[in-house]
Amino acid sequence: MPQDTSMNLGPSHITSSGLLPFLKHARHHFLPTIRNGITTYSPIYVLGNQSADLDSIISAILYSYVPLVNLTDVRGGSGLRRLRPEFACALELAVSSSSSSTASTEGKRDKDGEDGIVQLLKEHILTVADLREGLLSSPDVVNTDAEPKKMGNKLELDCVMVDWNNLPHKTSPQEEQGKGSIDGLSDLVSFTVTGCIDHRPDEGFVPPLGRLPEGSPRVIISGPGSCTSLVIREIRERVLWPVSSSEVHEERQRQHVSEGSEEGDWEVQLAKLALASILIDTTNLTAEGKVTDVDREAASFLTERISSSSPTGGGGKEWDRDSFFQKIQYAKAHSLDWLTVDEMLGRDYKDWTETTPSGDKKVIGIASVVRPLNWIIDKGEDEDDKSTTADDNLKSFLGKLKKFALERHLDVISVMTAFNTEDDGKEERFARELLVWGLEDDNSDALEKFANTAKKQLGLQKWNEFPIEGSHEYSGRLYIWKQGNVSQSRKQVAPLLRRAFTG
Ligand SMILES: [Mn+2]
């Protein structure tokens with residue numbers, strides 16, 4: 001399927017088979033075939049950015065070929081469902097609620113309850129972790145005996161970038177435009193970028209159009225709220241959208257062809273899936289400064305396709321776009337509920353290595369979490385599976401935090417929380433908390449300095465009953481504050497904390 005390079009945008013593959021059959025095929029033909037050292041088949045991977053958000057995943061699926069979900073340590077199936085519940089929700093709604101509903105998925109649902117969607121993800125979605133696993137278990141493809149770091153031993157694969165335009169892990173020493181790799185594959189694979197659609201500023205990494213394979217897109221336009229909108233525009237401009245599918249669908253319905261097949265009404269499925277990321281990224285087309293005409297046009301085109309494919313006269317209810325948006329929004333808003341404390345800390349985490357005036361190296365890590373500390377602490381209690389006092393819960397949370405920090409060889413771990421809160425029935429307001437922990441005593445002086453200088457700028461206040469001047473009770477020095485000045489995010493706090501060590 002993906003060998004057809006004459007058409008470097010792949011939706012024709014989806015539209016000739018339907019969304020789920022296409023994805024299943026791609027999921028099973030994701031490895032290159034090499035016979036006697038000659039590559040006979042090499043898939044083009046479509047790769048979104050490392051956040052693996054809805055926009056990235058759905059842009060990759062719409063583009064076709066072999067969509068690769070950029071998650072390094074999550075395999076398809078239950079892991080993907082737990083870590084990207086909003087995508088699971090969007091896919092499930094897109095494939096199960098079309099008028100000719102996919103009987104096979106519904107059937108699985110009846111039998112295995114919740115596992116229907118897990119099965120759907122497992123059979124249809126490929127993550128970077130899956131690709132790595134597949135490559136490592138195919139000795140023909142990857143010579144695992146070779147020194148992984150050495151150049152020239154890596155497998156060369158083509159990819160199209162969507163929702164980003166600059167690959168990390170460049171082929172050093174001399175950086176070559178359009179060549180690089182990604183976390184989780186950098187020891188095995190070198191990617192050559194053969195096309196790009198993105199709504200971020202152009203970083204000049206993707207080669208100019210003239211040096212890309214003929215027919216490849218190089219559409220890098222900052223502005224649109226969602227990359228999916230640009231993919232849809234590109235598909236339409238190339239006349240690749242399945243214009244006739246609704247008529248085909250009606251014909252099929254008359255003949256009861258699609259009943260019980262996995263095919264469903266794939267135009268509706270595709271349109272719904274695309275709408276999921278466009279609506280989420282533009283807050284249902286209302287986000288000022290985010291939503292552009294490209295988004296509005298894509299959304300109205302897709303909505304129109306959905307309503308004309310499922311005419312209301314047929315007894316079915318008219319499709320409710322707002323409720324579709326709200327369901328996915330809800331799944332996204334509750335995505336943290338599925339995570340362990342460790343995963344929550346790792347989800348939005350950054351670290352820095354600083355050199356002190358005496359020449360020591362200090363590693364400082366800051367995790368940002370969009371829930372209050374008490375929520376994370378209580379959440380941890382479920383994992384511990386024993387009911388304990390608030391004090392013990394804090395201790396248990398700190399144990400997990402320490403483990404997180406030690407695994408990353410940190411000298412200082414910090415947690416910044418940001419969330420909406422309602423105090424005593426008053427109006428909802430935005431709040432922040434700041435935890436800073438120097439794990440060894442020798443960081444205490446620098447942290448005291450930080451506490452003194454940051455106090456005013458960050459508006460630091462007492463957190464619950466915790467001593468405002470910090471505690472020695474948990475090894476090293478631990479501070480937990482309410483952060484009164486909520487305008488100060490990690491962008492401001494990180495330099496302050498780093499400077500306390502560099503002097
Ligand atoms: Mn995006």
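Below is a summary of the structure that appears in this document. (Residues numbered from 1 in each chain as written. Predicted model: local features only at pLDDT ≥ 70, side-chain atom pairs only at ≥ 80, totals over all residues. Heavy atoms only, no water.)

### Things to note about helix α9 (residues 227-237)
Most of α9 sits out of view: eight of its eleven residues are buried. Here α9 has its buried residues at Cys-227, Thr-228, Ser-229, Leu-230, Val-231, Ile-232, Glu-234 and Ile-235. Capping of α9 at its N-terminal end is provided by Ser-226; its side-chain oxygen lies 3.2 Å from the backbone amide nitrogen of Thr-228. Where α9 terminates, the next one or two residues include Val-239, which has phi positive at roughly 55°. (Buried < 20%, exposed > 50% of the residue type's maximum accessible area, 1.4 Å probe, protein only. Helix = DSSP H or I, 4+ residues; strand = E, 2+ residues; numbered from the N terminus. Polar contact = N/O pair within 3.5 Å; in protein donor to acceptor, adjacent residues only side chain to side chain.)

### A few points about the pairing of strand β2 (residues 38-41)
Pairing of strand β1 (residues 33-35) with β2 involves three bridges; the strand directions are antiparallel. From the neighbouring strand, Arg-35 faces β2, where its bridge partner is Ile-38. Hairpin connection between β1 and β2: a loop of two residues separates the two successive antiparallel strands, and Asn-36 in this loop has a positive phi of roughly 50°. (Pairing = 2+ DSSP bridges.)

### With respect to the pattern of salt bridges
Tallied over the full model, the rule gives 19 salt bridges. Between Lys-24 and Glu-123 there is a salt bridge, and its shortest N-O distance comes to 3.7 Å. Here Lys-24, found in helix α2 (residues 19-28), pairs with Glu-123, found in helix α7 (residues 115-124); they are 99 residues apart in sequence, far enough to count as distant. For Lys-24, a relative accessible area of 28% gives the class partly exposed. Among the salt bridges present, the one from Asp-130 reaches Arg-27, with a minimum N-O distance of 3.9 Å. Highlighted residues: Asp-130 in helix α8 (residues 128-136) and Arg-27 in helix α2, separated in sequence by 103 residues. Both residues of the pair, Asp-130 and Arg-27, belong to the buried class. (Salt bridge = Lys/Arg side-chain N within 4 Å of Asp/Glu carboxyl O.)

### Comments concerning the coordination of the manganese ion
The manganese ion binds to the protein through Asp-55 (OD), Asp-163 (OD) and His-199 (NE2), with metal-donor distances spanning 2.2 to 2.3 Å. If you list the donors of the manganese ion from N- to C-terminus, the spacing comes out as D-x107-D-x35-H. With Asp-163 in the loop between β6 (155-162) and β7 (179-180) and His-199 in the loop between β8 (189-198) and β9 (218-220), the pair connects residues that are 36 residues apart, well separated along the chain. The buried category is assigned to His-199, whose relative accessible area is 16%. (Donors = N, O, S within 2.8 Å, 3.2 Å for Na, K, Ca; no water.)

### A closer look at the environment of Glu-92
Assignment of secondary structure puts Glu-92 in helix α5 (residues 85-96). On the accessibility criterion, Glu-92 (22% relative accessible area) is partly exposed.

### What to know about the packing of aromatic side chains
For the structure shown, the criterion picks out six aromatic pairs. Measuring from ring centre to ring centre gives 6.3 Å for Tyr-45 and Phe-191, while their planes differ by 80°; the resulting arrangement is edge-to-face. Remark: Phe-191 occurs in strand β8 and Tyr-45 occurs in strand β3 (residues 44-47); sequence separation between them is 146 residues. For the pair Tyr-45 and Phe-191, a shared accessibility class is recorded, and that class is buried. Each ring, one from Phe-450 and one from Trp-481, has its centre 6.3 Å from the other, and the planes form 50°; the classification is tilted. Of the two residues, Phe-450 sits in helix α17 (residues 444-458) while Trp-481 sits in strand β15 (residues 477-483), which places them 31 residues apart along the sequence. According to the relative accessible area criterion, Phe-450 is buried, its value standing at 0%. We note Arg-236 situated over the ring of Phe-301; from NZ or CZ to the ring centre the distance is 3.8 Å. (Phe/Tyr/Trp six-rings, centres within 6.5 Å; stacked < 30°, edge-to-face > 60°. Lys NZ or Arg CZ within 6 Å of the ring centre and 35° of its normal.)

### Notes on the sheet that holds strand β12 (residues 412-421)
If you walk across this open sheet you meet the six strands as β10-β11-β12-β13-β15-β14, and the pairing is mixed. Across the chains shown, the open sheet's two edge strands, defined by having one partner strand only, are β10 (349-355) and β14 (460-462). Averaged over all adjacent pairs, the angle separating strand axes in this sheet is 30°, with direction ignored. As paired elements, β14 and β15 share three bridges and run antiparallel to each other. Bridge pairing in β15 links Leu-460 to Gln-483. The strands touched by helix α16 (residues 390-407) within the sheet are β10, β12, β13 (429-438) and β15, with β13 carrying the most contacts at an inclination of about 65°. The strands touched by α17 within the sheet are β12, β13, β14 and β15, with β15 carrying the most contacts at an inclination of about 5°. (Axes fitted to C-alpha atoms, helices over the stretch in contact; angles between N-to-C directions. Contact = heavy atoms within 4.5 Å.)

### Some details on the side chain of Arg-305
Position of Arg-305 among the secondary structure elements: in helix α12 (residues 293-309). The buried category is assigned to Arg-305, whose relative accessible area is 12%. At 2.5 Å, the side chain of Arg-305 and the side chain of Glu-267 are in polar contact.

### A closer look at the packing of helix α3 (residues 54-63) against helix α11 (residues 266-281)
Packed helices, taken two at a time, are described by their axes: the angle between them and the distance between them. The geometry of α3 relative to α11 is characterised by a closest axis approach of 9 Å and an angle of 150° between their N-to-C directions. When the axes of α3 and α11 are compared, the pair comes out roughly antiparallel. Our pair here, α3 against α11, has a crossing hand that is left-handed. Residues Leu-54, Asp-55, Ile-58, Ile-61 and Leu-62 of α3 form the contact with α11, whose participating residues are Leu-270, Leu-273, Ala-274, Ala-276, Ser-277, Ile-280 and Asp-281. For the contact of α3 with α11, the class distribution of residues is nine nonpolar, one polar and two charged. (Parallel < 35°, antiparallel > 145°, perpendicular 65-115°, else oblique. Left-handed = near helix turned anticlockwise from the far one by under 90°. Nonpolar A, V, L, I, M, F, W, Y, C, P; charged D, E, K, R; others polar.)

### Notes on the environment of Trp-375
Assignment of secondary structure puts Trp-375 in helix α15 (residues 373-384). Residue Trp-375 is classed as partly exposed on the basis of its relative accessible area, which comes to 26%. If near-sequence neighbours (up to four positions away) are discounted, Trp-375 is found in contact with Leu-336, Asp-337 and Met-344.

### Describing unusual backbone geometry
Note on backbone geometry: most residues besides glycine have negative phi, and most peptide bonds are trans. Despite not being glycine, Val-239 shows a phi value in the positive range, around 55°. Among the secondary structure elements, Val-239 is positioned in the loop between α9 and α10 (245-255).

### Here we look at the side chain of Asp-198
Along the chain, Asp-198 falls in strand β8. Within the structure, the side chain of Asp-198 is placed 2.8 Å from the side chain of Asn-165, a separation counted as a polar contact. Within the structure, the side chain of Asp-198 is placed 3.3 Å from the backbone nitrogen of Arg-200, a separation counted as a polar contact. In this structure Asp-198 touches Asp-163, Trp-164, Asn-165, Val-219, Ile-220, Ile-221, Cys-227 and Leu-230, once residues within four positions along its chain are discounted.

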